[in-house]
Amino acid sequence: MKYIFESLSQVFGNAPTRPDKNKQSDELKNIYQGKKGNLSKAEIEAVHLEHHSQFFRKWQRRRWITLILVNVLFLVSYKFDVQLLEGAMTASRFVGFHMADLNSALQVVLAYKHIVLNLVIGTTTVFIMWLLLGGRTFCSWACPYHLLSEWAEILHLWLVKKKIIKNHTFHRKTRSIFYVIFALLALLSGYTIFETISPTGIVSRAIIYGPGVALLWIGALLLFEVFYSRRAWCRYVCPIGVTYAAVGTISPVRVTYNAEACHHEGDCRKVCLVPHVLDMTIRGRAHTVNQDITSDCTRCGMCVDVCPTDSLNFKIKGLDKFL
Amino acid sequence: MSDSKNSDTKNSKLAKTKPVLSTAKRQKQRREFIRSSLLTVGVVSLSLAGLLPVVRGHSARLRPPGALKKLLDEQKFFAACIKCGQCVQVCPVNAIKLAELDEGVGIGVPYIDAREQACDFSCDGLQCVLACPTGALTHDLDYPADTRMGFARLDNPKTCLAAKGQGFKGQVRGPDFKGLLRYDEVDRWAPIPVADHPYDLELCDLCVRQCPIEIRITQCAAEEKERAAAEKAGQITGKIARVAERHGNECPPKHAIELRPIKSDDGVKRMLPVVLDGCVGCGVCEMICPVEESPSIVIDIDKITDWS
């Protein structure tokens, strides 16, 4: 329950709850205490370098392959008329079964004000699917714009490092405001306003049905992200992320943090799309020794890859008891 | 961000008190708030700009069978469509295309450019309607003849070959035309390029000859004749209903178009296509009309009566 509330609070845009120092367990306090002066800066640096000298992008590689495969499957299904995954990211049929993106379906229902059975079936299927897979897993493992944005991010970070540009942040509550605005706009105007500018739908259709002028908008968005604000669309605008983050609150697939070996260097927060979910990795900020990352996490695995001490890992809640 | 850092250090040199530090922080927050407000206004206005083509009526187009629309009002259709293109994928003649960003909120919504590729009901079963996951193409219709996408109109009788008493020989729309049509006599299940099917007509009757509704009427008559013959030969008993009953109103549908003779003073035989009640607006006549500059017969999309 606490996980759900904390998750929703962070998705809404609130800062992560700081732990009450009096309520932290002795074990956790001992862990923090024990690290003081235990390892020298040089030693920490050595562990860090050793980890980075190896190929450490296991999850990123798996994720990119999955994301590309999903989107290619859409294309192949259409071009070669194999009926595997027909349609686009907004709605499709997987070997005949209806699937509908939750946010697109919501927009349609709000604008059209009718509910068609096929859409109910499609939404339920997709809801259960992402519930089992982790909610915002959709963002980093399936959304085609995410990958483009990730590449833009690499360029952005390089430019920031070279001090050519500065990153500009927005308030995270902006995304919640967008969510409400787009829902209201669909309801009041009777048009699916968000779909007009949704890069997820636009890029997905461009891949399947061929490119068009809408890609100019995608280009503008990417330029904005490269030169002005890191991952701006996914972080501060996209209501799809909010929808799936809500699904993720009750999903068993999570990234989990263990405070024991953590060096509190913050590498994980530097690579993260949603660094607020990793607040507990700051020294003194963990509530418990083992703590799950909240549902705003896209389960992209970048932090798992980058952590030199293996303090962040994927887990399936409930399954660890069986293993 | 480094701005605020600089001011932080400056301030802390002046006085190491908390309020000064929080002023800098507050300033940073204020800037972030302004940025966030601008972002909200910017993105929302951009998305609202998508309504312009609709308001101006630029988005009216010929839509696939069963599209939820009333005259030129496509609001319901746009609202119900989830922009996935499943209708595009099932169409055997690739008649359906998805609109681009220039149509604003109509982006990703299917349309048909009849002159390039009309819907000829090659699929027989309204596959696009069946594929639609949201009912934007309404499931309330069962047969091609149930639909009303538009209504054909003889736009320019002066250029009509039949009205001029002329025939047609060769490839309609030239050798490079990509459009497909199903020819029953070639293969009922596989549409072929119109360019692969040259004609030799004494008097041009292409719009009537290729009309899917008229073809269906001919098929119904043949089926009926076959059935009557079989019944006569005692192969079937009275238990099997008439074809027309079996298919409801579908077989035979009402006539859609016919050629009517017109008076001519010079003794040349002239005819004029007349559009009838049964026209569904599929656009085959517009596609097949061999008048190059602009077709003599076109589809009006503002005469839709059925779907609301």
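The structure presented is a predicted model; accordingly, all values stated were derived computationally and were not measured. (Residues numbered from 1 in each chain as written. Chains lettered and ligands numbered in written order. Predicted model: local features only at pLDDT ≥ 70, side-chain atom pairs only at ≥ 80, totals over all residues.)

Trainee: Account for the overall build of chain A, with residues named and values stated.
Mentor: A count of helical and extended segments in chain A gives 16 helices and 6 strands. Against the globule reference of 20 Å for 323 residues, chain A gives a C-alpha radius of gyration of 21 Å, in line with a compact fold. The dimensions of chain A, computed from C-alpha atoms along their principal axes, are 60 × 45 × 40 Å. Residues classed as buried in chain A amount to 42% of the 323 residues present. Summarising the internal contacts of chain A: among those between residues at least 6 apart in sequence, 73% fall at separations of at least 24. (Helix = DSSP H or I, 4+ residues; strand = E, 2+ residues; numbered from the N terminus. Rg over C-alpha atoms; globule rule 2.2 N^0.38 Å. Buried ≥ 20, exposed ≤ 12 C-beta atoms within 10 Å, placed from the backbone. Contact = placed C-beta atoms within 7 Å.)

Trainee: Which residues make up the sheet that holds strand β2 (residues 91-94) of chain A, and what values go with them?
Mentor: All names here are of chain A. The strand order β1-β2-β3 describes an open sheet built from 3 strands, whose pairing is antiparallel. Of all strands in the sheet, those bounded by a partner on one side alone are β1 (85-88) and β3 (97-100). Sheet twist, expressed as the mean angle between neighbouring strand axes with direction ignored, is 15°. Judged from the 4 bridges that link them, β2 and β3 form a sheet pairing that is antiparallel. Looking at the pairing, F94 lines up with F97 of β3. Helix-sheet contacts for helix α6 (residues 117-133) involve β2 and β3, and the interaxial angle to β3 is about 75°. (Pairing = 2+ DSSP bridges. Axes fitted to C-alpha atoms, helices over the stretch in contact; angles between N-to-C directions.)

Trainee: Could you give an account of unusual backbone geometry, naming the residues involved and the relevant values?
Mentor: Positive phi, normally seen in glycine, also occurs at D310(A), with a value near 60°. Of note in this structure, N94(B) is not a glycine but carries a positive phi near 50°. If you trace the backbone, N94(B) turns up in the loop between α5 (86-90) and β1 (96-98). On the basis of neighbour counts, which here come to 14 C-beta atoms within 10 Å, the residue N94(B) falls in the partly exposed class.

Trainee: Talk me through the packing of helix α11 (residues 199-209) of chain A against helix α12 (residues 214-227) of chain A; I want residue IDs and the actual numbers.
Mentor: Residues and elements named next belong to chain A. Packing of α11 against α12 leaves a shortest axis separation of 10 Å and a crossing angle of 125°. Accordingly, the angle class assigned to the pair α11 and α12 is oblique. For α11 against α12, the interelement crossing comes out left-handed. Of α12, the residues touching α11 (which contributes P199, I202, V203 and A206) are A214, L215, W217, I218 and L221. Residues that form the contact of α11 with α12 fall into these classes: 9 nonpolar, no polar and no charged. (Parallel < 35°, antiparallel > 145°, perpendicular 65-115°, else oblique. Left-handed = near helix turned anticlockwise from the far one by under 90°. Nonpolar A, V, L, I, M, F, W, Y, C, P; charged D, E, K, R; others polar.)

Trainee: Let's hear about the packing of helix α4 (residues 58-79) of chain A against α11(A): which residues, and what values?
Mentor: All names here are of chain A. Two elements in contact, α4 and α11, have axes separated by 8 Å at closest approach and are oriented at 40°. With respect to α11, the axis of α4 lies oblique. In the packing of α4 onto α11, the handedness of the crossing is right-handed. The residues of α11 that touch α4, namely those facing N71, F74, L75 and Y78, are S204, I207 and I208. In terms of residue class, the contact of α4 with α11 is built from 5 nonpolar, 2 polar and no charged.

Trainee: Give a detailed account of the environment of Y244(A), specifying residues and quantitative values.
Mentor: Residue and element names in this part refer to chain A. Relative to the helices and strands, Y244 resides in helix α14 (residues 239-248). Note on Y244: 31 C-beta atoms within 10 Å, which makes it buried. Distance from Y244 to W130, taken between C-alpha atoms, is 7.7 Å for residues 114 residues apart in sequence. Contacts of Y244, omitting those with residues within four sequence positions, involve L102, W130, G135, R136, F138 and C139.

Trainee: Kindly report on the domain arrangement of chain A, identifying the contributing residues and their values.
Mentor: As a measure of interface size, the accessible area lost when the parts come together is often cited. All names here are of chain A. Each assigned domain of chain A is listed with its residue range as follows: domain 1 (2-55 + 253-316) and domain 2 (60-246). A C-alpha centroid distance of 28 Å is found between domain 1 and domain 2. Contact with domain 1, which involves 17 residues of that partner, is made by 20 residues of domain 2. Looking at the side of domain 1 that touches domain 2, the elements that each hand over two or more residues are α1 (2-12), β4 (253-258) and α16 (302-306). (Domains from an automatic or database assignment.)

Trainee: An account of the environment of Y257(A) is needed here, citing residue identities and associated values.
Mentor: Residues and elements named next belong to chain A. Position of Y257 among the secondary structure elements: in strand β4. Residue Y257 is classed as buried on the basis of its C-beta count, with 24 C-beta atoms lying within 10 Å. Separated by 233 residues in the primary sequence, Y257 and Q24 place their C-alpha atoms 15 Å from one another. Those residues in contact with Y257 that lie beyond four places of it in its chain are M280, T281, Q291, I293, S311 and L312.

Trainee: Mind laying out the sheet that holds β4(A), listing which residues take part and the relevant values?
Mentor: Residue and element names in this part refer to chain A. Within the open sheet, the 3 strands sit side by side as β5-β4-β6. Their pairing is antiparallel. The open sheet is flanked by β5 (290-292) and β6 (312-316), the only strands paired with a single partner. With direction set aside, neighbouring strand axes in the sheet form an average angle of 35°. As paired elements, β4 and β6 share 5 bridges and run antiparallel to each other.

Trainee: For the confidence of the model for chain B, give the residues involved together with the corresponding values.
Mentor: Residues and elements named next belong to chain B. Mean pLDDT for chain B: 86, with 86% of residues reaching 70 or above. Per-element averaging of pLDDT across chain B places helix α1 (residues 2-14) at the bottom with 46 and helix α10 (residues 284-288) at the top with 97. Note on residues 1-16: pLDDT is under 50 here. Beyond four places in sequence and across chains, it has 14 contacts. Reported confidence for the predicted complex is 0.90 by ipTM and 0.89 by pTM. (pLDDT = per-residue confidence, 0-100.)

Trainee: For α6(A), give the residues involved together with the corresponding values.
Mentor: Residue and element names in this part refer to chain A. Given a rise of 1.5 Å per residue, 17 residues ought to cover 24 Å, and the 24 Å separating the end C-alpha atoms of α6 matches this to within 8%. Listed as buried for α6 are L119, G122, T123, V126 and W130. Angularly, the buried residues of α6 cover 95° about the axis, an arc narrow enough to put them on a single face. Turned more than 90 degrees off the buried face of α6, the exposed positions are L117 and I128. Against the buried residues of α6 lie β2, β3, α5 (102-112), α7 (137-141) and α14. (Expected span 1.5 Å × (residues − 1). Arc of directions from axis to C-beta.)

Trainee: Describe in detail the nonpolar core, supporting the description with residues and values.
Mentor: One finds C303(A) and C128(B) to be the most contacted residues of the largest nonpolar core, which totals 151 residues. It is α5(A) that contributes the most residues to this core, 7 residues altogether. Excluding anything up to four places from it in sequence, C128(B) contacts P64(B), P65(B), C87(B), V90(B), C91(B), I96(B) and L137(B). (Core = buried A, V, L, I, M, F, W, Y, C linked by C-beta atoms within 7 Å.)

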